[in-house]
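Reading the structure
The chain contents come next:
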Amino acid sequence: MASEDARYRQSTQYRLWSFSPAQLSSMREKTNALAQSNISERLLSTRALPEFLTPAEELQLLNFYTIDLLRAGNFFNLRTDMRATAAVFLRRFYLTNSIMTYPPTDMLKTCLFFGCKAEGHYPSVGKFAEQFPNTTGEDVLAGEFLLCQGLRFAFDVKHPFRALEGAIMELRRYGNIEDSRISSAHSRAREILKFSPLVTDAYFHYTPSQIMLAALSLADQELAERVVHETFHHPALSDGAAAAPTRENRKGAAAAGERARLVGAEMRDRVLEVVNACREVLAKEPPERMTAYWGTPDSNQITRPLLRKLKKCHDPDRWNLVELQRARREQAALKEDAEDDEGNGARGSLDGDGAVFGDADGRDVKRRKVAKAPEDPFGGPL
Amino acid sequence: MSRKPAVAPRASIGGGGGGVPGALAISSDDMCPVCKTIRYLNKDMEFLINPECYHPMCSNCVNRLFNDGPNQCPYAGCHQTLRRKGFRSAFFGDLTVEREVDIRRRVAAVFNQVEDDFETLGDYNDYLQQVEDLTFDLVFSGADEGRRRKAEANLQQWEAEHKADIERNKKAGREADETARRRLAAEREAARQRRLEAAREAEEERLERVRSNEEALDQLAKGDGAAKVQLKRRGQQGRPVAAPAPEADGAAEVTGAAGRLSIRGLKEKKRAPESTGPYDPFAGYDFHPDRYKLRDAFASDWLDGFARDPKHSTGGYDVREYYARAMFDAFSGMGVFIGDEKETGSLDMSAREVADFGAGMAAEQSGPVVAPSIRMEVDDVFA
Amino acid sequence: MSASPLVAYPTDTLKVNSRPTASPLKRPISAAPSSDGTPRPPVQAQPTRPHATMDLAEQMNDDEKRKWVKGKKLGEGTYANVFAAHLRTDPSQKAAIKKIKVQKEYRDGMAPDALREIKHLQELNHPNVVRLISVFSSKDQNLNLVLEYLPLGDLEDLIRNVNTYRYGAADIKAWMGMLCRGVWFCHENFVLHRDIKPNNILIAANGEAKLADFGLARSFSDPAIPMTTNVITRWYRPPELLFGARHYSGAVDVWSVGLVFAELIIRSPFLPGDSEINQIDCICRAIGTPTEENWPGVTKLPGYAVAGETVPVYGKDAYMGRFGAVGADGVDLLMKTLVLDPRKRITAREMLEHKWWRSEPKPTRNEDLPRKTKGGLEKMAADLKRVNPMEEDNRGAKVARKLDFGAMKK
């Protein structure tokens, strides 16, 4: 296993935010089902149940709002990495939260704001909010906590942009490719990376280097394949094994075999395969669609009815993030002191009963272990 | 009746009286079971219990029945003799809990060993288990009177036999509490002092600086040599807690003589560790890339521009770091096949890689055993 | 070669204290809708299931939270409270929960400190970097960071308590080895720590030293993107930052490492400046004055200002007098970390390749290192809690932090 891959597997992007297509759609179905059941429960008393969005419709709306987010990011001249991080945040958030539960128009602002912060830029929220019509800082911040939780507190997003620079440097190094060809592939691939992977599920299914190669391949397929071939240049495994059958060479052969596996033909073919799969995903949303499709009557025809549907079926309790946040804060303020003083959530109802048993706080550790029995009358039998 | 509390509901709490049914949770019943007064008639009605049998009754009944001396519990079938003195109001609404807490408190007062008193952790755990068993018998063996009596007898016997020890442990506990309390107080006080000290110092420093600035200005006004004087005084300032700022010359001897160089007469360590192979400063980690080579020169006009820009390079910004990162990004994860890996559920490697890796480890370990001659080759593997 | 210990990680992840890798998919969810998408009347669903009305996101957070039992409060600061904690399924697996308070003075949502710490610690996994085991939120919207349990205080305790702890060159080498590995690991992962100092180096129960407090950390900057200069506690801040360079590299951390090294030897801060100006003075007098000769371009840095006469850069003899306890090789390494020009300063990787590690004496094994024996719990609280930037006892740190916020908020 190549150390580059082992290190990628350490990232939260791999550990928490990578899924097979089947897993991804199953999660979306679950999210959708839970939202439907929760919203039904909350609506039941007031009126008849509306028609809910299906998981597929939710996904369509999510794409629509991702485009919205990218447009806003462009409009504010945000750095590429901030825009991209915000877009990824939005898609990750709505994987485990439903569009019917929390309003995407508000969350996309929160994503943009938090995306800036995650990339090391800390704008004042008031100034940031001013850029949007009818938006206050409170509106932007109301969803921040929800967002963090929805992101599973993984704030580092690995993008393919810098990877593209690396690949371009490699291509230049090969020395026998026309510079103009590299340059045009470079800028085309950059255009693609700024849009296509962000409005599809590419980040969930592929690694940044694979996405980068897929974009490069859309820009100039030969160049992308050249990079892969140069990287996995080792002769086929069988050659190495046949050459060194003796015991003396066994270790050397093992090392060679390992090398062959790392950068050999078999790995090369698998990489090409996965890059092609990713390429097909990206090809569905070429950068031109940003203006030539999204926002045109064609796309409106699809999204309008969904938006109308959403208006009727959204969560009555959670749709207003500012109020929701206020309520939660108040609730928290009440609870906070008690919990902090006792510092023991597990004991629940016994909080504050310390006085009855004599305050054990001052005792040293070992002693406390023994004191546990009288302190916890429910300890034994349960 | 079962030993399980879940099956033995509160009907059987009459530990002392034995089998008295219907001990009541006070909150759920606002009628005194003895005189049948209801709260409606007496808003201030207060229920009391006596830990002999835990039968609740209103304070009026208690006064009426026990003011003239010990008397029998008025509950039918309960033959405990109760005294006025023994009555108190219950802390818990549920009297089963009240009783269990009382019992546990009592047991804990008797069995008050600490972990330090035992040879091994295992012994300590056995002891805790024993105590818990005994407690359990006392609390939950309402129907099995023999069990309870036996436990009770054990407890009393132990208490009688180990009076001294118990007393000693109790004292130790109190002392520990006391020390901890005192230490906390001392720490708090020390922190307060430090803050005061720091504030005072800051103020002094400020004054000192104002003064020295004025002096420096005076000196400057007077003529040359000012800078030197200033430099020297700065050197003398320093923080009281810390070492004085190092002087350019001969500082080493001074500090050494002042004993701050504690490193010199250090305790002899027993001896350097057995050599377990050479020390590896990287502790086995190796981040050399497998798929690409880092080069010192790289083909990028864009980067070359920054490499030449003094704004970048003077502060130490090194475009090679960017280059290394770009290359890492370009190749890292290229061989990670998310669909397969996440589906098969293997955490970090494909199934094949796990197998290969395991085999590799096994081969490495068993190598010398299977084929002693392999030892000779170890060196040239990395050559 | 690929015999990196990373490949052994998969087995590691199976241990209880590993990071969350479990897929949320494994939980069967009871409220499935009927196949045509219309919801079932939810009333009939089991009313007692714990996740009754939670979204998937809330369930996942709740699962994380349920893994831990929060114990006694160990300490309180303005930035965070610290609690003891252990794994619900295995109480012997201890941890510390740092519960981050809502910062009132930072009105723009999650404070940069918390965000940076979480962002970077989530990605870094190394024996010499404090481990963030898990993060979850509690109902009252506080962040809970489950951190590795580090009961034995910090390097500052060991350095300051001259009478309590005696240590020698082999011990210093062991601690420095661990520190250098931690820093090297961060740099290999393109993270600048930007606040290395003795009280941010904590000691684990097995004696392993760990780099902590990533509240000022950031990723390496791309070209043309400036960084703030108000980082690193003053005594450990390198000259390029004092002179206001906006583009810098891992060399800033290396300088701090060098000063920790020096402090370990002389057992007092080597360059205790009482202001930024004075800090530059200290550097000039103890190491040498930065000039165009020894650092081309330095006079063009925005904050360049040196007072007094030019002091030539000291040679090895001067250092041997004061730091000779670690031997000639050790002094050589120290000097290379304290080179004025950051371009010529040794890198973290080169530090680990230095010959000092191979010269005598060998580094002490972790189990033989001097260590704290008592009062672990309380101390850990104090140590962890000191991450708080506003705390009074936090020496110079407050300066860097306070200015930092202002500077970032452009």
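Everything in this summary refers to the structure shown in the same document. Note that the structure is a prediction, hence the values are computed from the model and not measured.

Another aspect to go through is the overall build of chain B. Helix and strand content of chain B: twelve helices and four strands. The proportion of buried residues among the 383 residues of chain B is 23%.

Here the focus is the overall build of chain C. The helix and strand inventory of chain C stands at 13 helices and nine strands. Taken over 410 residues, chain C has a buried fraction of 56%. Residue pairs at least 24 apart in sequence account for 66% of intrachain contacts in chain C once pairs closer than 6 positions are excluded.

Moving on, we come to the nonpolar core. In summary, soluble globular proteins display a tendency toward joint burial of nonpolar side chains. Judged by nonpolar contacts, the single largest core of 225 residues is most densely connected at Leu90(A), Cys111(A), Met212(A), Ala215(A), Leu216(A) and Leu179(C). Counting residues per element, this core draws most heavily on helix H5 (residues 169–188) of chain C, which supplies 13 residues. Dropping the residues within four chain positions of it, Met212(A) is found in contact with Pro160(A), Ala163(A), Leu164(A), Ala167(A), Leu193(A) and Ala330(B). Formed by 16 residues, the second largest nonpolar core is a distinct cluster that contains Cys73(B), Tyr75(B), Cys78(B) and Leu82(B).

This part takes up the packing of helix H4 (residues 55–75) of chain A against helix H6 (residues 104–118) of chain A. Residue and element names in this part refer to chain A. Interhelical geometry of H4 versus H6 gives an angle of 45 degrees and a closest axis separation of 10 Å. Considered as vectors, H4 and H6 are oriented oblique to each other. As H4 runs across H6, the sense of the crossing is right-handed. Only Pro104, Leu108, Cys111 and Leu112 of H6 make contact with H4, whose side of the interface consists of Leu61, Tyr65, Asp68, Leu69, Ala72 and Gly73. Residues belonging to the contact of H4 with H6 are distributed by class as follows: eight nonpolar, one polar and one charged.

Before going further, it helps to spend a moment on the sheet that holds strand S2 (residues 80–87) of chain C. The pairing of strands in a sheet comes from backbone hydrogen bonds and takes either a parallel or an antiparallel form. Residues and elements named next belong to chain C. Pairing is antiparallel in the open sheet, where five strands are placed in the order S1-S2-S3-S5-S4. A single partner strand is all that each edge strand has here, and the edge strands are strand S1 (68–76) and strand S4 (132–137). Sheet twist, expressed as the average angle between the axes of neighbouring strands with direction ignored, equals 25 degrees. Alignment of S2 against strand S3 (residues 94–100), held across seven bridges, turns out to be antiparallel. By the bridge assignment for S3, asparagine 81 is matched with lysine 99. Across the sheet, helix H3 (residues 112–123) touches S3, S4 and strand S5 (143–148), and the angle it forms with S4 is around 135 degrees.

Here the focus is unusual backbone geometry. Going from Glu360(C) to Pro361(C), the amide bond is cis rather than trans, its omega being -10 degrees. Here Asn77(A), not a glycine, exhibits a phi torsion of approximately 60 degrees, which is positive. Given 7 C-beta atoms within a 10 Å radius, Asn77(A) is considered exposed. Here the phi dihedral of Tyr54(B) falls at roughly 60 degrees; this positive angle occurs in a residue that is not glycine.

Time to look at helix H3 (residues 121–140) of chain B. End to end, H3(B) covers 28 Å across 20 residues, agreeing with the expected 28 Å (1.5 Å per residue, within 8%). Along H3(B), the residues that are buried comprise Val131(B), Leu134(B), Thr135(B), Asp137(B), Leu138(B), Val139(B) and Phe140(B).

So, on to the environment of Pro302(C). Residue and element names in this part refer to chain C. Its place among the elements puts proline 302 in the loop between helix H8 (276–286) and helix H9 (316–323). Its 11 C-beta neighbours within 10 Å are what place proline 302 among the exposed residues. The spatial distance from the C-alpha of proline 302 to the C-alpha of leucine 242 is 9.7 Å, given a sequence separation of 60 residues.

Time to look at the pairing of S4(C). Residues and elements named next belong to chain C. Of all six residues that make up S4, six are buried, and the element is covered over most of its length. Relative to S5, S4 is paired through five bridges, and the arrangement is antiparallel. From the neighbouring strand, valine 135 faces S5, where its bridge partner is leucine 145.

About the thresholds
Residues numbered from 1 in each chain as written. Chains lettered and ligands numbered in written order. Predicted model: local features only at pLDDT ≥ 70, side-chain atom pairs only at ≥ 80, totals over all residues. Helix = DSSP H or I, 4+ residues; strand = E, 2+ residues; numbered from the N terminus. Buried ≥ 20, exposed ≤ 12 C-beta atoms within 10 Å, placed from the backbone. Contact = placed C-beta atoms within 7 Å. Core = buried A, V, L, I, M, F, W, Y, C linked by C-beta atoms within 7 Å. Axes fitted to C-alpha atoms, helices over the stretch in contact; angles between N-to-C directions. Parallel < 35°, antiparallel > 145°, perpendicular 65-115°, else oblique. Left-handed = near helix turned anticlockwise from the far one by under 90°. Nonpolar A, V, L, I, M, F, W, Y, C, P; charged D, E, K, R; others polar. Pairing = 2+ DSSP bridges. Expected span 1.5 Å × (residues − 1).

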